Amino acid sequence: MEVSSRPAGFGVPLPGFTNGILPSACPTRTVLDHITSKWGVLILSALSERSRRWGELRRVVEGVSEKMLAQTLRTLEADGFVLRDAHPTIPPRVEYSLTPRGVELADHLRPLMQWIADNADAILEGQDAQGRRVAS
(Lines give C-alpha, C1' and ligand atoms only; values in the text may rest on other atoms or scores of the structure.)
Protein backbone atom coordinates (compact mmCIF):
# COMPACT_ATOMS: atom_id res chain seq x y z
CA MET A 1 0.00 0.00 0.00
CA GLU A 2 1.41 3.38 -1.05
CA VAL A 3 1.22 6.20 1.47
CA SER A 4 0.60 9.63 -0.06
CA SER A 5 2.29 12.71 1.33
CA ARG A 6 -0.43 14.88 -0.17
CA PRO A 7 -3.01 16.45 2.12
CA ALA A 8 -6.52 15.09 2.41
CA GLY A 9 -8.71 16.50 -0.32
CA PHE A 10 -5.78 16.97 -2.71
CA GLY A 11 -6.88 16.13 -6.26
CA VAL A 12 -10.53 16.81 -5.50
CA PRO A 13 -11.59 19.81 -7.59
CA LEU A 14 -13.02 22.79 -5.79
CA PRO A 15 -16.42 24.13 -6.82
CA GLY A 16 -16.25 26.27 -9.95
CA PHE A 17 -14.54 23.69 -12.16
CA THR A 18 -16.38 22.57 -15.29
CA ASN A 19 -14.84 19.54 -16.94
CA GLY A 20 -11.51 20.35 -15.31
CA ILE A 21 -11.59 24.00 -16.41
CA LEU A 22 -12.17 27.18 -14.38
CA PRO A 23 -14.28 29.00 -17.00
CA SER A 24 -13.82 32.76 -17.32
CA ALA A 25 -17.58 33.35 -17.58
CA CYS A 26 -18.41 31.39 -14.42
CA PRO A 27 -20.53 33.43 -11.97
CA THR A 28 -18.38 32.15 -9.12
CA ARG A 29 -15.52 34.29 -10.42
CA THR A 30 -17.57 37.47 -10.17
CA VAL A 31 -18.71 36.73 -6.62
CA LEU A 32 -15.22 35.61 -5.59
CA ASP A 33 -13.79 38.86 -6.96
CA HIS A 34 -16.31 40.90 -4.93
CA ILE A 35 -15.63 39.02 -1.70
CA THR A 36 -11.87 38.73 -1.98
CA SER A 37 -11.16 42.19 -3.32
CA LYS A 38 -8.51 44.07 -1.36
CA TRP A 39 -11.17 45.62 0.88
CA GLY A 40 -14.04 43.12 0.67
CA VAL A 41 -12.77 40.61 3.22
CA LEU A 42 -11.68 43.37 5.61
CA ILE A 43 -15.04 45.13 5.48
CA LEU A 44 -16.90 41.85 5.91
CA SER A 45 -14.65 41.01 8.86
CA ALA A 46 -15.31 44.40 10.48
CA LEU A 47 -19.06 43.97 10.05
CA SER A 48 -18.95 40.42 11.41
CA GLU A 49 -18.41 41.88 14.89
CA ARG A 50 -21.40 44.27 14.79
CA SER A 51 -23.19 46.96 12.79
CA ARG A 52 -21.06 49.99 12.05
CA ARG A 53 -21.48 53.50 10.74
CA TRP A 54 -19.47 54.89 7.83
CA GLY A 55 -16.88 56.76 9.88
CA GLU A 56 -16.37 53.80 12.17
CA LEU A 57 -15.75 51.52 9.19
CA ARG A 58 -13.16 54.00 7.88
CA ARG A 59 -11.37 53.90 11.24
CA VAL A 60 -11.57 50.13 11.69
CA VAL A 61 -10.46 49.28 8.13
CA GLU A 62 -7.33 51.43 8.14
CA GLY A 63 -6.13 52.64 4.78
CA VAL A 64 -9.40 52.33 2.87
CA SER A 65 -10.25 55.48 0.92
CA GLU A 66 -13.74 56.96 0.93
CA LYS A 67 -14.10 55.98 -2.72
CA MET A 68 -13.11 52.35 -2.15
CA LEU A 69 -15.22 52.04 0.99
CA ALA A 70 -18.27 53.37 -0.87
CA GLN A 71 -17.62 51.17 -3.91
CA THR A 72 -17.03 48.02 -1.87
CA LEU A 73 -20.07 48.60 0.35
CA ARG A 74 -22.26 49.14 -2.76
CA THR A 75 -20.97 45.93 -4.32
CA LEU A 76 -21.42 43.88 -1.14
CA GLU A 77 -24.90 45.35 -0.69
CA ALA A 78 -25.85 44.51 -4.30
CA ASP A 79 -24.61 40.94 -3.73
CA GLY A 80 -26.85 40.62 -0.67
CA PHE A 81 -24.07 40.44 1.93
CA VAL A 82 -24.44 43.90 3.49
CA LEU A 83 -27.52 45.81 4.61
CA ARG A 84 -27.49 49.61 4.43
CA ASP A 85 -29.91 51.05 6.97
CA ALA A 86 -30.50 54.80 6.52
CA HIS A 87 -32.25 56.44 9.48
CA PRO A 88 -34.35 59.53 8.61
CA THR A 89 -32.64 61.88 11.03
CA ILE A 90 -30.78 65.16 10.71
CA PRO A 91 -27.95 64.69 10.10
CA PRO A 92 -28.64 61.40 8.27
CA ARG A 93 -27.47 58.31 10.12
CA VAL A 94 -26.52 55.25 8.09
CA GLU A 95 -25.55 51.91 9.58
CA TYR A 96 -24.11 48.93 7.77
CA SER A 97 -24.56 45.35 8.93
CA LEU A 98 -24.35 41.85 7.55
CA THR A 99 -27.42 40.19 6.11
CA PRO A 100 -28.06 36.51 6.95
CA ARG A 101 -26.14 35.65 3.76
CA GLY A 102 -23.31 37.93 4.92
CA VAL A 103 -23.22 36.26 8.33
CA GLU A 104 -23.02 32.86 6.64
CA LEU A 105 -20.19 34.11 4.44
CA ALA A 106 -18.34 35.60 7.43
CA ASP A 107 -18.60 32.22 9.18
CA HIS A 108 -16.81 30.67 6.19
CA LEU A 109 -14.21 33.44 6.03
CA ARG A 110 -13.34 33.19 9.73
CA PRO A 111 -11.22 29.98 9.38
CA LEU A 112 -9.37 31.47 6.40
CA MET A 113 -8.67 34.69 8.30
CA GLN A 114 -7.47 32.65 11.30
CA TRP A 115 -5.15 30.61 9.07
CA ILE A 116 -3.76 33.83 7.57
CA ALA A 117 -3.25 35.35 11.04
CA ASP A 118 -1.51 32.17 12.21
CA ASN A 119 0.82 32.01 9.19
CA ALA A 120 1.36 35.59 7.96
CA ASP A 121 4.56 36.23 9.93
CA ALA A 122 6.21 33.01 8.75
CA ILE A 123 5.17 33.61 5.14
CA LEU A 124 6.53 37.16 5.14
CA GLU A 125 9.72 36.06 6.93
CA GLY A 126 10.20 33.45 4.21
CA GLN A 127 9.84 36.13 1.54
CA ASP A 128 12.35 38.34 3.36
CA ALA A 129 14.83 35.48 3.70
CA GLN A 130 14.65 34.85 -0.05
CA GLY A 131 14.78 38.55 -0.89
CA ARG A 132 11.39 38.37 -2.55
CA ARG A 133 9.23 40.52 -0.30
CA VAL A 134 6.11 41.40 -2.24
CA ALA A 135 4.95 44.98 -1.71
CA SER A 136 1.32 45.45 -0.72
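Preceding block: the structure.
Rules used in this analysis
- Residues numbered from 1 in each chain as written.
- Predicted model: local features only at pLDDT ≥ 70, side-chain atom pairs only at ≥ 80, totals over all residues.
- Heavy atoms only, no water.
- Helix = DSSP H or I, 4+ residues; strand = E, 2+ residues; numbered from the N terminus.
- Contact = heavy atoms within 4.5 Å.
- Areas by Shrake-Rupley, 256 points an atom, 1.4 Å probe, with all protein chains shown as cover.
- Salt bridge = Lys/Arg side-chain N within 4 Å of Asp/Glu carboxyl O.
- Buried < 20%, exposed > 50% of the residue type's maximum accessible area, 1.4 Å probe, protein only.
- Pairing = 2+ DSSP bridges.
- Core = buried A, V, L, I, M, F, W, Y, C linked by side-chain atoms within 4.5 Å.

Undergrad: Would you mind going over the overall build of the protein chain with me for this structure?
TA: Helix and strand content of the protein chain: five helices and three strands. Ordered by position from the N terminus, the helices and strands of the protein chain form the series α-α-β-α-α-β-β-α. In the protein chain, the proportion of contacts linking residues at least 24 apart, taken out of those at least 6 apart, comes to 42%. Within the structure as shown, the protein chain displays about 10100 Å² of accessible surface, and the carbon and sulfur contribution to it stands at 57%.

Undergrad: Help me understand the pattern of salt bridges, please; the structure alone is not making it clear to me.
TA: Note that side chains of opposite charge can pair when their charged atoms are close. Taken as a whole and judged by the stated rule, the model has six salt bridges. The shortest N-O distance in the salt bridge between Glu56 and Arg52 comes to 3.0 Å. We note that Glu56, like Arg52, is buried. One salt bridge in this structure joins Glu95 and Arg93, with 2.6 Å as the shortest N-O distance. Residue classification places Glu95 among the partly exposed residues on the basis of a relative accessible area of 21%.

Undergrad: Looking at this structure, I do not really get unusual backbone geometry. What am I missing?
TA: Most peptide bonds take the trans configuration, and most residues that are not glycine carry a negative phi. Here Ile90 and Pro91 are connected by a cis peptide whose omega angle stands at -5 degrees. If you trace the backbone, Pro91 turns up in the loop between strand 2 (82-87) and strand 3 (93-98).

Undergrad: Help me understand the pairing of strand 3, please; the structure alone is not making it clear to me.
TA: Two faces make up the sheet, and in a regular strand the side chains alternate between them. Pairing between strand 1 (residues 52-53) and strand 3: two bridges, direction antiparallel. Residue pairing for strand 3: Arg53 is matched across the bridge by Glu95. Where strand 2 and strand 3 come together, six bridges link them in antiparallel fashion. Note that in strand 3 the partner of Leu83 across the bridge is Ser97. Here strand 2 folds back onto strand 3, and the loop between the two strands holds five residues.

Undergrad: Honestly, the nonpolar core in this entry has me stumped. Any pointers?
TA: It is characteristic of soluble globular proteins that their nonpolar side chains tend to be buried jointly. Residues Ile43, Leu44, Leu47, Leu73 and Val82 are the most contacted members of the largest nonpolar core, which totals 20 residues. Mapped by element, the contributors of at least two residues to this core are helix 2 (40-49), helix 4 (66-78), strand 3 and helix 5 (100-129). Among the elements that take part in this core, helix 2 stands out by supplying four residues, more than any other. Contact partners of Ile43, with chain neighbours within four places excluded, come to Val61, Leu69, Thr72, Leu73 and Leu76.

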